[in-house]
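Below, each chain spelled out in residue letters.
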Amino acid sequence: MATPQTIRTAVPAPATIDWRQNRVVIERIKTTVAYIICTVMALGFVFPLYWLVVTALKTDVEIFLVPPSILPMNPQWQNFYQATIYIDFWRYMFNTFAIAALSIIGTVMSCTIIAYGFARVRWPGRNIIFLIYLSTIMLPAQVTLIPLYITYRSLGWVGTILPLVVPSFFGNPFFVFLLRQFLMTIPHELTDAARIDGASEVGILRYVILPLIRPALATVALFTFVNVYRDYLGPLIYLQNQDQWTISLGLKMFQNMYGAQWQLMMAASTLAMLPTLILFFLTQKTFIRGIALTGLKE
Amino acid sequence: MATISIPKRRFQLTRTQRRALVTGLIFISPALVGLAFFTIWPIIQSLYYSFTNYDILRPPRWIGLQNYERLLDDRVFKLALGNTLIMVIVGLPVHLLFDLGMAFLLNSKIRGLAIYRTIFYIPSITPVVASAIVWMWLFNGQYGILNVILGWFGVQPIGWLTDPNWIKSALIFMGLWFGGNTILVYLAGLQEVPTHLIEAAELDGANAWQKTRNVTLPMISPIIFYTIIINIIGYFQYFTEGWVLTATREGAAGGPANSALFYSMYLYQNAFQQFKMGYASAQAWILFVIVLIATVIVFRTSGWVYYHAEE
């Protein structure tokens, strides 16, 4: 007789458990809410790109339909071809890639050498000099913009790509910082051993360090490409000859000249976005590592 | 005699140190040259030009403080400064809080993280002009999808880019889309927070809010601090998005009633459209000082930033 009663008191019936006390349930609700918000936001982030492509495929009549069609009724693939004729699309693309290539060469070379000097050579005062160098990141570009323009103008560089390319051969504090972070993780024993064997600093950089920092250099190269590709103000100021324009300048002119031809502008914009998008999908890991590194650890 | 030579020697370098110094300086010489030619010398020149009347064609003429005095009376300048301050004071916190919130959500161990990460990141690497053209179309008052969607909920069409009261909101809204990379920066920081710290807080009976407030936020505070500094500077230099969305065929920009004329845009107009290099240099220097003050304030009030030393 007494046994069932003791059992009842010892094990409370499951129904009486308050679900708010149940950690598993709470966690599940939290994750679901996180999923919903993240998905809604992600859709919001994708939508402009979706709308870009959809509009690019519509006719010049269909774009003005109210309410707009969610999918093009009759996809106008030739819009993409037309967009490349309305403006000198391929020339602008070529120019942009040329500037990007030279900037990448300059940035990767100079930043590697500078970062090596800051991270691997132990010289008195290097930390202070590095801090001063790094703090120039905080300088608004507008302060140096006008004197540099005047200098370049007196050198006859305005109207050439030189003002956009030459500075990259003199380092970039941000990328130097990024590479320095990377270089500091390489054990000193490795380079000290090479030094004892009589290797010069240049030799150490070339044969010991360089193979190890390739992933970081890839990140620097990618970020440089994206920066050049996105830049608008620099080309706007320095490239006055239409033959030298970058894709950003070309797109803006497209907008000025054929502002009502939204479908063609969208087609041109889609094509202009493709290189960075393709590059991103090919090299996701390199990008993500770069972002993690920019999140300042020290 | 010997006691005198000791303090002297403290400043002398040994031979190896001297050799290291020379090697180091050789390696960083591109940076030193760059610093001198592309940063320090232009800053000095810029200060000089700001006291002159200079249209490039004729040599600069010294006019003392006149440029600065004229700026004080320049209504458009004050308008541009005000618009920019609104972006810094409203746009920047909205942007960073949104990104922080999204990073927290993404960090709650959801599956498919790589896909979300990609989606939030991609807008920030697309060419600004191309994306801005898309947004012009989305914001279009008559045919834009944004107003169509709002119309389903009975909202009257909004003149996103034509109404002076709405254009800055539109730009801030668009900025969330452009700035998604900050979400990834925060997320990278959140993923680095050691789990043993959070578990320790749990053992002490901390609830979710207490864990966030006392463990997670302090641990990522250096990253938050970094993004605040970088974005303050960025928002003060706000140019391309505003320019592309408002520039007309004739080269004017700034939107309706100059409601989207920002500091850098006005500076650009003065320098490169009207060739008032002296006047624009004075503007550049005022911007320099403002950014400096803002940065110093942020640094001075950075007591909340916690630097966790790994043992």
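Since the model is a prediction, treat every value here as computed from it, not as a measurement.

Draft legend 1. Here's a closer look at the overall build of chain A. Along chain A, the regular secondary structure elements total 15 helices and zero strands. Relative to a compact globule of 298 residues, whose C-alpha radius of gyration would be 19 Å, chain A shows 28 Å and is clearly more extended. When the backbone C-alpha atoms are referred to their principal axes, chain A occupies close to 105 × 75 × 35 Å. Sorting the 298 residues of chain A into buried and exposed places 40% on the buried side. Of the contacts made within chain A by residues no fewer than 6 positions apart, 76% connect residues no fewer than 24 positions apart.

Draft legend 2. Seen up close, the domain arrangement of chain B. Residue and element names in this part refer to chain B. By the assigned domains, chain B splits into domain 1 (15-65) and domain 2 (68-304). Of note, the centres of domain 1 and domain 2, computed from C-alpha atoms alone, are 31 Å apart. Contact with domain 1, which involves eleven residues of that partner, is made by ten residues of domain 2. Those elements giving two or more residues to the side of domain 1 that touches domain 2 turn out to be helix H3 (29-49) and strand E1 (52-53). The greatest single-element share of the side of domain 1 that touches domain 2, amounting to three residues, is contributed by H3. Considered class by class, the residues forming the side of domain 1 that touches domain 2 number six nonpolar, four polar and one charged.

Draft legend 3. Local environment of the packing of helix H5 (residues 75-106) of chain B against helix H10 (residues 181-192) of chain B. Residues and elements named next belong to chain B. Running from amino to carboxyl end, H5 crosses H10 at an angle of 50°, the nearest separation of the two axes being 8 Å. Here H5 is positioned oblique relative to H10, judged by the angle of their axes. By crossing handedness, the relation of H5 to H10 is classed as right-handed. Across the interface between the two elements, Leu-96, Asp-99, Leu-100, Met-102, Ala-103, Phe-104 and Leu-106 from H5 touch Thr-182, Ile-183, Tyr-186, Leu-187 and Leu-190 from H10. Each residue belonging to the contact of H5 with H10 can be placed in one class, and the counts come to ten nonpolar, one polar and one charged.

Draft legend 4. Examining the interface of chain A and chain B more closely. Facing the 76 residues of chain A at the interface are 77 residues of chain B. For the side of chain A that touches chain B, the leading source of residues is helix H2 (residues 23-56) of chain A, giving 14 residues. Grouping the amino acids of the side of chain A that touches chain B by side-chain chemistry returns 54 nonpolar, 15 polar and seven charged.

Draft legend 5. Spatial organisation of the nonpolar core. Among the nonpolar cores identified, the biggest contains 154 residues, and Leu-179 and Ala-268 of chain A are the most heavily contacted of them. Ranked by residue count, the leading element in this core is helix H4 (residues 89-119) of chain A, at twelve residues.

Draft legend 6. Looking closely at the domain arrangement of chain A. Split into domains, chain A comes out as domain 1 (19-77) and domain 2 (87-257). Relative to domain 2 of chain A, the C-alpha centre of domain 1 of chain A lies at a distance of 37 Å.

Draft legend 7. Inspection of the confidence of the model for chain B at higher detail. Residues and elements named next belong to chain B. Residues of chain B with pLDDT of at least 70 account for 95%, and the chain-wide mean is 90. When the criterion is pLDDT under 50, residues 1-8 qualifies, and its contacts beyond four places in sequence or with other chains add up to zero contacts. Interface confidence for the predicted complex, expressed as ipTM, amounts to 0.89; the pTM equals 0.89.

Draft legend 8. Main features of the packing of H4 of chain A against helix H8 (residues 173-184) of chain A. All names here are of chain A. In the contact formed by H4 and H8, the axes pass within 8 Å of each other and the chain directions differ by 50°. The pairing of H4 with H8 is recorded here as oblique in orientation. For the crossing formed where H4 meets H8, the hand is right-handed. Residue-level inspection shows Thr-107, Cys-111, Thr-112, Ile-114, Ala-115, Tyr-116, Phe-118 and Ala-119 of H4 in contact with H8, the latter providing Phe-175, Val-176, Leu-179, Arg-180, Leu-183 and Met-184. Each residue belonging to the contact of H4 with H8 can be placed in one class, and the counts come to eleven nonpolar, two polar and one charged.

Draft legend 9. Expanded view of helix H7 (residues 128-139) of chain B. Residues and elements named next belong to chain B. Between its first and last C-alpha, H7 extends 16 Å over twelve residues, near the 16 Å set by a 1.5 Å rise per residue. Burial of H7 is extensive: twelve of the twelve residues sit out of reach of the surface. By the burial criterion, the buried members of H7 are Val-128, Val-129, Ala-130, Ser-131, Ala-132, Ile-133, Val-134, Trp-135, Met-136, Trp-137, Leu-138 and Phe-139.

Conventions and cut-offs
Residues numbered from 1 in each chain as written. Chains lettered and ligands numbered in written order. Predicted model: local features only at pLDDT ≥ 70, side-chain atom pairs only at ≥ 80, totals over all residues. Helix = DSSP H or I, 4+ residues; strand = E, 2+ residues; numbered from the N terminus. Rg over C-alpha atoms; globule rule 2.2 N^0.38 Å. Buried ≥ 20, exposed ≤ 12 C-beta atoms within 10 Å, placed from the backbone. Contact = placed C-beta atoms within 7 Å. Domains from an automatic or database assignment. Nonpolar A, V, L, I, M, F, W, Y, C, P; charged D, E, K, R; others polar. Axes fitted to C-alpha atoms, helices over the stretch in contact; angles between N-to-C directions. Parallel < 35°, antiparallel > 145°, perpendicular 65-115°, else oblique. Left-handed = near helix turned anticlockwise from the far one by under 90°. Core = buried A, V, L, I, M, F, W, Y, C linked by C-beta atoms within 7 Å. pLDDT = per-residue confidence, 0-100. Expected span 1.5 Å × (residues − 1).

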